Amino acid sequence: NQLYQYAVYEAIKQRYPEQRVLADISVFDDIDILNSGNGFSYGFGIDKFFDTKVEFASLDEIRKINYEIYYSQKERMLYPKWFMKKTVGSSIYAGIRARISPKYKLMRNNYITNKPAFSYNGDIFILNEGRDYYLSGLWQHLDYISRIEDELRDKLKYKISEELINNCIYNKILNTNSVSLHVRRGDYTNDRNNERHNICRIDYYKKAIRIARQKI
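Since we're looking at a predicted model, the values are computed, not measured. (Residues numbered from 1 in each chain as written. Predicted model: local features only at pLDDT ≥ 70, side-chain atom pairs only at ≥ 80, totals over all residues. Heavy atoms only, no water.)

Engineer: How should a nonpolar patch on the surface be read in this particular structure?
Structural biologist: The grouping of Phe49, Tyr158, Ile160, Tyr170 and Leu174 at the surface amounts to a nonpolar patch, some 580 Å² of accessible area in total. Tracing the backbone shows Tyr158 in the loop between helix H10 (149–155) and helix H11 (164–175). With a relative accessible area of 58%, Tyr158 lands in the exposed category. (Patch = residues over 30% accessible without salt bridge, like charges linked within 9 Å, V, L, I, M, F, W, Y side chains within 5 Å. Areas by Shrake-Rupley, 256 points an atom, 1.4 Å probe, with all protein chains shown as cover. Salt bridge = Lys/Arg side-chain N within 4 Å of Asp/Glu carboxyl O. Helix = DSSP H or I, 4+ residues; strand = E, 2+ residues; numbered from the N terminus. Buried < 20%, exposed > 50% of the residue type's maximum accessible area, 1.4 Å probe, protein only.)

This is how it looks when you write it as structure tokens:
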């Protein structure tokens with residue numbers, strides 16, 4: 001998801017070279033709320049794993065242009081998690097506030113999303129450069145990526161660790177016919193997510209390993 005968002009971040013920067021384009025990673029301030037019941041932890045990883053830079057927006061800058069509901073560090077310590085999880089972001093409560101308050105109504109007019117999921121919104125490339133905009137979504141469509149395909153390949157290069165164990169694995173990958181096995185289970189195995197994403201059963205992975213061993 002972050003890679004799709006990063007692709008749009010770079011596409012916007014290329015389209016509007018005279019404008020400031022900043023990434024909002026404040027969602028990770030509420031990481032304990034987001035991870036509630038998931039059993040895993042995550043965070044912003046683009047600049048951790050890839051040798052590229054991302055310019056971040058401050059909370060004050062975000063609040064100037066985004067109508068969504070945020071909580072300060074003190075508020076996160078004060079309010080119960082269930083309440084914040086229900087109201088944070090572009091919740092129904094943020095929508096009500098935007099209808100009542102002229103300030104948030106104006107900010108919502110400059111709020112652009114790519115809903116429904118996997119859709120393409122070309123409006124982000126014909127924006128009024130005299131206004132501020134807030135883009136929200138995962139932006140999972142190849143037409144965003146195809147605009148800057150070569151630039152993304154150049155920017156998204158893994159950082160090579162100097163640790164001995166990583167170097168050993170890296171050399172093995174280079175010198176053998178390597179196979180990558182990606183297993184996604186965790187929170188996706190609960191009934192709600194599994195119905196949506198149709199996660200593979202354990203037998204699928206075992207069969208894939210058998211086939212790889214037979215052919216390689």
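There's more to say after this.
Engineer: Got a minute to help me understand the packing of aromatic side chains in this structure?
Structural biologist: Aromatic ring pairs are reported here in terms of the distance separating the ring centres and the angle at which the planes meet. Tallied over the entire structure, the rule returns 13 aromatic pairs. With 5.8 Å between their ring centres and 10° between their planes, Tyr111 and Tyr134 make a pair best called stacked. Of this pair, Tyr111 sits in strand E1 (residues 111–113) while Tyr134 sits in strand E2 (residues 134–136), and the two are 23 residues apart along the sequence. A relative accessible area of 15% means that Tyr111 is categorised as buried. A relative accessible area of 11% means that Tyr134 is categorised as buried. Where Tyr120 meets Tyr144, the ring centres are 4.8 Å apart and the plane angle is 35°; that geometry is what we call tilted. With Tyr120 in the loop between E1 and E2 and Tyr144 in helix H9 (residues 142–146), this pair connects stretches of sequence that are 24 residues apart. Through a chain of ring-to-ring contacts, the aromatic side chains of Tyr71, Tyr79, Trp82 and Phe83 assemble into a single cluster. A cation sits over an aromatic face here: Arg97 above Tyr104, 3.8 Å from the ring centre. One cation-aromatic arrangement involves Arg147 over Phe125; the distance from NZ or CZ to the ring centre is 3.6 Å. (Phe/Tyr/Trp six-rings, centres within 6.5 Å; stacked < 30°, edge-to-face > 60°. Lys NZ or Arg CZ within 6 Å of the ring centre and 35° of its normal.)

Engineer: Hey, could you run me through the side chain of Glu10 in this one?
Structural biologist: With respect to the helices, strands and loops of the structure, Glu10 is situated in helix H1 (residues 2–15). We note that Glu10 is buried and unpaired, the nearest opposite charge coming from Lys155 at a distance of 4.1 Å. Ignoring anything within four residues of it in the chain, the contact list for Glu10 reads Lys53, Ile148, Leu152 and Lys155. (Lys, Arg positive; Asp, Glu negative; His and termini not counted. Contact = heavy atoms within 4.5 Å.)

Engineer: What is the right way to look at unusual backbone geometry in this model?
Structural biologist: Negative phi characterises most residues that are not glycine, and trans characterises most peptide bonds. Residue Pro116 is bonded to the preceding Lys115 through a cis peptide linkage, with omega at -5°. Position of Pro116 among the secondary structure elements: in the loop between E1 and E2. One non-glycine residue, Trp139, lies in positive phi territory at about 55°. For Trp139, the location among the structural elements is in the loop between E2 and H9. By relative accessible area, which is 3% here, Trp139 ends up buried.

Engineer: Looking at this structure, how should I read the pattern of salt bridges?
Structural biologist: A side chain with one charge can pair with a side chain of the opposite charge if their charged atoms come near. For the structure on display, the rule yields four salt bridges. One salt bridge in this structure joins Glu61 and Arg20, with 3.1 Å as the shortest N-O distance. Linking Glu61 in helix H4 (residues 59–65) with Arg20 in the loop between H1 and helix H2 (31–34), this pair joins segments that are 41 residues apart in sequence. Residue class for Glu61 comes out partly exposed when judged on its relative accessible area of 27%.

None of this, on its own, says anything about what the molecule does.
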